[in-house]
Amino acid sequence: MSDLATHLARLDGHLARFRDTGILNLINGQSVAGSGGMFETRSPVDESLIAQVARGEAADIDAAAKAAKAAFPAWAAMEGDKRKAILHRIADLIEARAEEIALCECWDTGQAYRFMSKAALRGAENFRYFADLAPLARDGQSLPTATHLNVTSRSPIGPVGVITPWNTPFMLSTWKIAPALAAGCTVVHKPAEFSPLTARILAEICHEAGLPAGVLNLVNGMGEGAGKALTEHPDIKAIAFVGESKTGSMIMKQGADTLKRVHFELGGKNPVVVFDDADFERALDAVIFMIYSLNGERCTSSSRLLVQDTIADRFHAALIARVNNIKVGHPLDPATEIGPLIHKTHFDKVTSYVEIGLADGATLAAGGTRVGDAGWFVRPTLFTQASPQMRIAQEEVFGPFLTSLTFTSEAQALEIANNVAYGLTGYVWTNDLTRALRFSGALEAGMIWVNSENVRHLPTPFGGVKASGIGRDGAQWSFEFYMETKNTAFALGQHKIQRLGA
Ligand code: NAD
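The shown structure was predicted, so the numbers you read here are calculated from the model rather than taken from an experiment. Going along each chain's sequence as written, the residues are numbered from 1 onward. Confidence filtering applies because this is a predicted model: local features only for residues at pLDDT of at least 70, side-chain atom pairs given and counted only at 80 or more, and all residues used for totals across whole chains, interfaces and linings. Hydrogens are left out, water is left out, and the side-chain values use all remaining heavy atoms of the structure.

Enquirer: Residues and numbers for the sheet that holds strand β5 (residues 142–144), please.
Expert: At least two bridges found by DSSP between two strands is the condition for calling them paired. A run of H or I in DSSP becomes a helix once it reaches four residues, and a run of E becomes a strand once it reaches two; helices and strands are each numbered from the N terminus. Reading across the sheet, the three strands line up as β5-β6-β22 and stay open at both edges, with antiparallel pairing between neighbours. Of all strands in the sheet, those with a lone pairing partner are β5 and β22 (483–491), marking the two edges. Taken pair by pair, the neighbouring strands of this sheet meet at an average axis angle of 25 degrees, ignoring direction. Both strand β6 (residues 148–156) and β22 contribute to a ladder of nine bridges, which runs antiparallel. Note on β22: the bridge partner recorded for Ser153 is Lys486. Orientation is described by axes fitted as lines to C-alpha atoms, over the contacting stretch for helices, and by angles from 0 to 180 degrees between their N-to-C directions.

Enquirer: Quick one: what's the story with the domain arrangement of the chain, residue by residue and with numbers?
Expert: Segmenting the chain into domains produces domain 1 (3–266 + 476–486) and domain 2 (271–450). Residue ranges assigned to each domain were obtained from an automatic or database domain assignment. For domain 1 and domain 2, the distance between their C-alpha centres works out to 31 Å. Note on definitions: salt bridges are taken to be side-chain nitrogens of Lys or Arg within 4 Å of carboxyl oxygens of Asp or Glu. At the boundary of domain 1 with domain 2, the tally comes to zero salt bridges. The definition of a polar contact used here is a pair of N or O atoms within 3.5 Å, where within protein one atom must be able to donate a hydrogen and the other to accept one, and adjacent residues in sequence count solely through side-chain atom pairs. Linking domain 1 with domain 2 are nine residue pairs in polar contact (both at pLDDT 80 or more). If you list the elements that add at least two residues to the side of domain 1 that touches domain 2, you get α1 (4–21), α4 (98–109) and α5 (113–133). At five residues, α4 tops the list of elements feeding residues into the side of domain 1 that touches domain 2.

Enquirer: Lay out the nonpolar core with the relevant residues and their values.
Expert: What is meant by a nonpolar core is a set of buried Ala, Val, Leu, Ile, Met, Phe, Trp, Tyr and Cys residues, joined one to another through side-chain atoms within 4.5 Å. The buried label goes to any residue with under 20% of its type's maximum accessible area, the exposed label to any with over 50%, and the partly exposed label to all in between, with areas taken from a 1.4 Å probe on protein chains only. Ranked by size, the top nonpolar core spans 107 residues in total, and within it Phe127, Val274, Phe315 and Leu319 carry the most contacts. Here the element with the most residues in this core is α5; it accounts for 11 residues. When residues of this core are assigned to domains, at least three fall in each of domain 1 (3–266 + 476–486) and domain 2 (271–450). Two residues qualify as a contact provided that any one of their heavy atoms is within 4.5 Å of a heavy atom in the partner residue. Setting aside its immediate chain neighbours within four residues, Phe127 contacts Leu87, Ile90, Ala91, Ile94, Thr174, Ile177, Ala178, Leu181, Leu202 and Cys206.

Enquirer: Lay out helix α7 (residues 197–208) with the relevant residues and their values.
Expert: The span expected for a helix works out to 1.5 Å for each residue beyond the first. With 12 residues, α7 extends 17 Å between its outermost C-alpha atoms, agreeing within 8% with the 16 Å of an ideal straight helix rising 1.5 Å per residue. Among the 12 residues in α7, 10 count as buried, and that is most of the element. Regarding α7, the residues found buried are Leu197, Thr198, Ala199, Arg200, Ile201, Leu202, Ala203, Glu204, Ile205 and Cys206. Downstream of α7 by one or two residues, Gly210 has phi in the positive range, about 100 degrees.

Enquirer: I'd love a proper account of unusual backbone geometry, names of residues and values included.
Expert: Unusually for a residue other than glycine, Phe398 sits at a positive phi of about 60 degrees. Even without being glycine, Asn451 reaches a positive phi, approximately 55 degrees. Mapped onto the secondary structure, Asn451 falls in the loop between β19 (447–450) and β20 (465–466). A residue is classified by how much of its surface remains accessible, and Asn451, at 26% relative accessible area, is partly exposed.

Enquirer: Summarise the sheet that holds β19; cite the residues concerned and give the values.
Expert: Two strands in a sheet stick together by hydrogen bonds in their backbones, pointing the same way (parallel) or opposite ways (antiparallel). With respect to topology, seven strands assemble into an open sheet ordered β14-β15-β16-β13-β12-β18-β19, the strand pairing being mixed. The sheet is open, and its two edges are formed by β14 (363–366) and β19, each paired on a single side. Strand after strand, the sheet turns through a mean of 20 degrees between neighbouring axes, direction not considered. Note: strand β18 (residues 425–429) against β19, four bridges, orientation parallel. Bridged to Thr425 within β19 is Met447. Packing of helix α11 (residues 309–323) onto the sheet brings it into contact with β12 (271–274), β13 (304–308), β14, β15 (381–384) and β16 (401–407), and relative to β13 it is tilted by some 135 degrees.

Enquirer: How would you summarise the site of the ligand if you had to cite specific residues and measurements?
Expert: Surveying the vicinity of the ligand reveals 30 residues, the closest of which are Lys190, Glu193, Thr247, Leu266 and Glu396. Contacts to the ligand include Gly243, whose backbone N or O atom sits 3.4 Å from an oxygen atom. Leu266 is positioned such that a nitrogen or oxygen atom in its backbone is 2.7 Å from a nitrogen atom of the ligand. Across the complex, the protein chains shield 93% of the 850 Å² of accessible surface that the ligand would expose by itself. Sorting the residues of the shell around the ligand by element identifies α8 (223–232), β10 (238–242) and α9 (245–254) as the ones contributing at least two each. Whether a residue is near a molecule or strand depends on its heavy atoms: if one lies within 4 Å, it is near. To be clear on the numbers: accessible area is Shrake-Rupley with a 1.4 Å probe, and residue cover counts the displayed protein chains and nothing else.

Enquirer: Any details on the pairing of strand β7 (residues 160–163)? Residues and values, ideally.
Expert: Alternating residues of β7 divide into Val160 and Val162 and Gly161 and Ile163, and every residue in both groups is buried. One ladder, built from four bridges, connects β7 with strand β8 (residues 187–190); its direction is parallel. The partner of Val162 across the bridge, within β8, is His189. The parallel pair β7 and β8, bridged by helix α6 (residues 169–183), forms a crossover whose chirality is right-handed. Strand direction decides the pairing type here: β7 and β10, joined by four bridges, are parallel. Directly across from Gly161, in β10, lies its bridge partner Ile239. Crossover handedness is defined by viewing with both strands directed away from the observer: a clockwise path from the first strand over the helix to the second marks the crossover as right-handed.

Given below as structure tokens:
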């Protein structure tokens, strides 16, 4: 296995070209500067400059949207098998460059290599999965009546905008872009300003794999500049957005004048509920994994632990010992379990919840402090003795920060679990099957895992309820968003038509 020094040396090789040219936009197959000049992207590891990035503004979005519009008819009309072949070539190239993607992603975002090496391959899987579905994307239904044969068919909606956040940006970009391309849509991608590296690599890969010019366009920039312009552009028919709930709300307003179709994957304050009959050790492993992996900067993280009072002391003791043992370090060190948070503002936000939790009367049972004085490293943090109304039990912290609450009865657990604004995921640990069915049925969340951490099966629907999102991703759910459905009714015979004015 590679060590930190090897990873750093390889990363340096990959970054050299970006240091020379900057990270440019890709519009209509051409690498171009942004009309807003350049902005810097810095590593959360030590704040060193990674590269200058083209700053796209409304004019660049307009050029990209026009390119996507021009490329749309040919791409939409291309046989599904041909689109399938191109998407498989994209997957091949992602696999071939998986190490480069993982190294760049770690350096750009602070995520640990042990997770990012898998996330890069997951990006390839996303393309493969939707490549195979591409020839079936138009499939419809036949819905006959006595007088008519109704036939439904689907067609791609048109050029779409994809706006992604900085957490696991490569994986999330592929998760949106692959189904859009498989459906026959063309895309303008606006990645997060804090993690532009791998979006550029993805755009290059798509180009190299033979995706025609204009089918995928990349415009970097700020949310209020390029992002806003994309959501307002009349040629962009839909926006697939992953990010904060309040940004989703803004995008809905911005897109109102052009009647944008929106798909939102937003924030979460996801509960993991551990009943006293659960497999203690497996539940412990899953609780720790689901909040401290990926630096806790994970929409599906289980940031609220609800543990039954009969086992709470034992569970907390085991939890504290393990949390204090989690390895915080350089993200490119294969041994590292938690890397630095994405940037100073986010670090300040996450660590502010230490004071907030203490002021509200919770007990800081582990962590809560910065590690080192360079980069945005924070110790994995655990609050116990918290109550459900505290801010640390209600608000999305989006860091390695767990709030533990105790409950006595199943009914109380359900009330606490549901009493937040969000509803993305829920995790239930019990060996009582009837309770598992009952509890998961009543839990307000788009995705629930019983006796498991988050294990994603690509054909299943992904998305949240309440403030956690609108719409679902995955297989046909993705196509429902990226495509229009048409019904054509064929008369089967001489059915009676009302005669007016006869
Ligand atoms: P964010 O909302 O600040 O930014 C996301 C993207 O939106 C960025 O590209 C940003 O530039 C852009 N943006 C910002 N303002 C905009 C505007 N007015 N118009 C158009 N675009 C705009 O989110 P973030 O801080 O980058 O990401 C973290 C958030 O993402 C967390 O809340 C997390 O839960 C959420 N998230 C959700 C999922 C999910 O599947 N539900 C997955 C990953 C992340």
